[in-house]
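Fold and geometry: a report
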Amino acid sequence: MKKTILFIALSILLVNCNSKSNAPVIDASRSKAINEIVAAIIVQDSLNVSKKDKDTNLFCIDLVKLNIQNPAKRKDGMIEPPAKPLNTVLFENLMLAKFNNELFFTKIDSITLVEQNQNPEKFRINPEIISKINATTLDGILKKRKKGESYQFYQMTIPLFSLDGNKAYTQLTYGCEGLCGNGKAIYLKKINGKWNIIDTFRIWMN
């Protein structure tokens, strides 16, 4: 009996250790790139979130996971839309995006992109950025919704990166009370050491 209990206890311990070691993490270099992208989007997309200004929108400091889906094609050849369109992108759309007649992501990026489905559910931006913006959190937004308070906020997804780390894709949501709100796709490229928005387009709107 004691041997059985000991065996079960050791098994649980090993499972817990394996779960922790396999837990998705974002390394320091990738974290740095994500924070650089957040700062670039706030400036280049002219997001009204600066602490220096009055009556600005909020920026959610918790970036959420962007899920890549690869749905099957229908009999008519059309692609099924994502089951959950918010914070979701179709793999085929990522791989077919072109700018100046060149594919943004190439075949060598495909495995890296799919692997990023293992990103954590949330990523909190660094304190330096937070200190400059009117910030909120996911919990803060939910509390405002429950209380019926008015709110206007931006929320980003954790960017997806190319194999070389010089290209990225993310989604930006603008939310507010009622039925207003929209989402956009943002493509970025690192040029001369700085992240630049290459293109944006609307992907949904209430």
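These notes cover the structure that comes with them. Bear in mind that the values here come from a model prediction, so they are computed numbers and not experimental data.

A look at the side chain of lysine 184
Locating lysine 184 in the fold gives a position in strand E12 (residues 181-191). A distance of 2.9 Å separates polar atoms of two side chains, one belonging to lysine 184 and the other to aspartate 45. In contact with lysine 184, not counting residues within four places along its chain, are Asp45, Thr170, Gln171, Leu172, Thr200, Phe201, Arg202 and Ile203.

Topic: unusual backbone geometry
Phi angles above zero are rare outside glycine, and asparagine 100 is one such case at about 55 degrees. Counting through the fold element by element, asparagine 100 comes out in the loop between strand E5 (98-99) and strand E6 (102-103). Residue asparagine 100 is classed as exposed on the basis of its relative accessible area of 76%. At asparagine 101, a residue that is not glycine, the phi angle is positive and equals roughly 65 degrees. Positionally, asparagine 101 belongs in the loop between E5 and E6.

As for the packing of aromatic side chains
The tally for this structure, following the rule as stated, stands at 8 aromatic pairs. Taking 4.8 Å as the distance between ring centres and 80 degrees as the angle between the ring planes, the aromatic pair formed by phenylalanine 104 and phenylalanine 105 counts as edge-to-face. No difference in accessibility class separates phenylalanine 104 from phenylalanine 105, as the two residues are buried. Their ring planes at 50 degrees and their centres at 5.3 Å tell us that tyrosine 154 and tyrosine 174 sit as a pair that is tilted. Here the residue tyrosine 154 occupies a position in strand E9 (residues 152-156), and tyrosine 174 occupies one in strand E11 (residues 167-176), the gap between them amounting to 20 residues. Overall, tyrosine 154 belongs to the buried group, its relative accessible area being 13%. Taken together, the aromatic side chains of Phe99, Phe104, Phe105, Tyr169, Tyr187 and Phe201 make up a single cluster linked through ring pairs. Seen from the ring of phenylalanine 104, lysine 167 lies directly overhead, with NZ or CZ sitting 5.5 Å from the centre.

Definitions and limits used
- Residues numbered from 1 in each chain as written.
- Predicted model: local features only at pLDDT ≥ 70, side-chain atom pairs only at ≥ 80, totals over all residues.
- Heavy atoms only, no water.
- Helix = DSSP H or I, 4+ residues; strand = E, 2+ residues; numbered from the N terminus.
- Polar contact = N/O pair within 3.5 Å; in protein donor to acceptor, adjacent residues only side chain to side chain.
- Contact = heavy atoms within 4.5 Å.
- Buried < 20%, exposed > 50% of the residue type's maximum accessible area, 1.4 Å probe, protein only.
- Phe/Tyr/Trp six-rings, centres within 6.5 Å; stacked < 30°, edge-to-face > 60°.
- Lys NZ or Arg CZ within 6 Å of the ring centre and 35° of its normal.

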